[in-house]
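# Structure at a glance
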Amino acid sequence: GFSTARFGDARGYLFAAGEIVHTGRYPLSTEPFYFRAPGYPFFLAVATLAHPESVVRAKLATAAVGAITAPLLALLSAQMFGRRRIAFWTGVAAALHPAFLWNSADVQSEPLFTTLLLAAGFLLLVATDRPSSTLALAAGGTLALAALTRASALALVPLLLAPLLDRRYPIRARAHIAGAALLGFVLALAPWVARNFVVFREPLLVNDA
């Protein structure tokens, strides 16, 4: 249904988005004992045009960002295999994948998280192939946004060093790409870490769950 959010965490996300809109601040807690990662509530606040109480808008925004998963996987496939046919069928499979469809049908963070994660991987792959420090910087920043959506993305930070393993280029060039990716991640995450330290006096990278 368009007007009903059945996902268990939806209430916490919508509450946090509402607090951002009405107070201009992220709430100290979204559940009785912790606060959620802030990325999805901020997304809802912006994507619903400052009306996160509208479940219809929240669901449409979530479905829209989830739909980007299919073309992103097609682009990744094209970049990896260099064949249009494989890329096309990768996109088709992603568009019809039951898990992606299920996740995009309610107010939950998975569609945004998946899209950001795939975008980070695609940008890092292209940055390594070109090579381009600008794209590497963007890849790191996008991974940070994924981590701010779901903290589990922090476990993937070491993969930003993957360009070091590409022997097509001198070690200095590879280090430059990997360093730019790490710098992008740090720059994007740092303001939120600083906010947490000011508010809680603790070095919390994403949340306290």
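Residues numbered from 1 in each chain as written. Predicted model: local features only at pLDDT ≥ 70, side-chain atom pairs only at ≥ 80, totals over all residues. Heavy atoms only, no water.

## Remarks on the layout of surface pockets
Here the largest pocket defines a volume of roughly 290 Å³. L117, A120, G121, L124 and L159 are the residues nearest the centre of the largest pocket, which is lined by 17 residues in total. If you list the elements that add at least two residues to the lining of the largest pocket, you get α7 (110-129) and α8 (133-149). Looking at the lining of the largest pocket, its residues break down into 13 nonpolar, three polar and one charged. Volume-wise, the second largest pocket comes out at about 180 Å³. Around the second largest pocket, the lining comprises 13 residues; the ones closest to its centre are Y13, R36, A37, T149 and R150. The residue makeup of the lining of the second largest pocket, split by class, is six nonpolar, three polar and four charged. (1 Å grid on protein atoms, 1.4 Å probe; cavity = no way out; pocket = protein on both sides within 12 Å on 5 of 7 lines; lining within 4 Å. Points joined across faces, edges and corners; volume = space filled by probe spheres on them. Helix = DSSP H or I, 4+ residues; strand = E, 2+ residues; numbered from the N terminus. Nonpolar A, V, L, I, M, F, W, Y, C, P; charged D, E, K, R; others polar.)

## Some points on the pattern of salt bridges
Enumeration over the complete set of coordinates arrives at five salt bridges. Between E31 and R36 there is a salt bridge whose closest N-O contact spans 3.0 Å. Across the pair, R36 and E31 agree in class, each one buried. When the shortest N-O distance is used, the salt bridge between R168 and D129 registers 2.6 Å. Of this pair, R168 sits in the loop between α8 and α9 (171-200) while D129 sits in helix α7, and the two are 39 residues apart along the sequence. D129 gets classed as partly exposed once you look at its relative accessible area, which sits at 26%. Put simply, D9, E31 and R36 are held in one network by salt bridges that share partners. (Salt bridge = Lys/Arg side-chain N within 4 Å of Asp/Glu carboxyl O. Buried < 20%, exposed > 50% of the residue type's maximum accessible area, 1.4 Å probe, protein only.)

## Structural notes on the packing of α8 against α9
Packing of α8 against α9 leaves a shortest axis separation of 7 Å and a crossing angle of 40°. Classified by the angle between their axes, α8 and α9 sit oblique to one another. For the crossing formed where α8 meets α9, the hand is right-handed. Note on element contacts: α9 touches α8 through H176, I177, A180, A181, L183, G184, F185, A188, L189 and W192, opposite S133, A136, L137, G140, G141, L143, A144, A147 and L148. (Axes fitted to C-alpha atoms, helices over the stretch in contact; angles between N-to-C directions. Parallel < 35°, antiparallel > 145°, perpendicular 65-115°, else oblique. Left-handed = near helix turned anticlockwise from the far one by under 90°. Contact = heavy atoms within 4.5 Å.)

## Here we look at the side chain of T115
Looking at the secondary structure, you find T115 in helix α7. Only 3.4 Å separates the side chain of T115 from the side chain of T69, close enough to count as a polar contact. Ignoring any residue separated from it by four or fewer positions in sequence, one finds T115 in contact with V65, G66, I68, T69 and L72. (Polar contact = N/O pair within 3.5 Å; in protein donor to acceptor, adjacent residues only side chain to side chain.)

## Side note on the side chain of N196
Structurally, N196 can be placed in helix α9. A polar contact is formed between the side chain of N196 and the side chain of R195, at a distance of 2.8 Å. Setting aside residues up to four positions removed in sequence, N196 forms contacts with F35, R201, E202, L204, L205 and V206.

Read these as layout, nothing more, since geometry by itself doesn't imply function.
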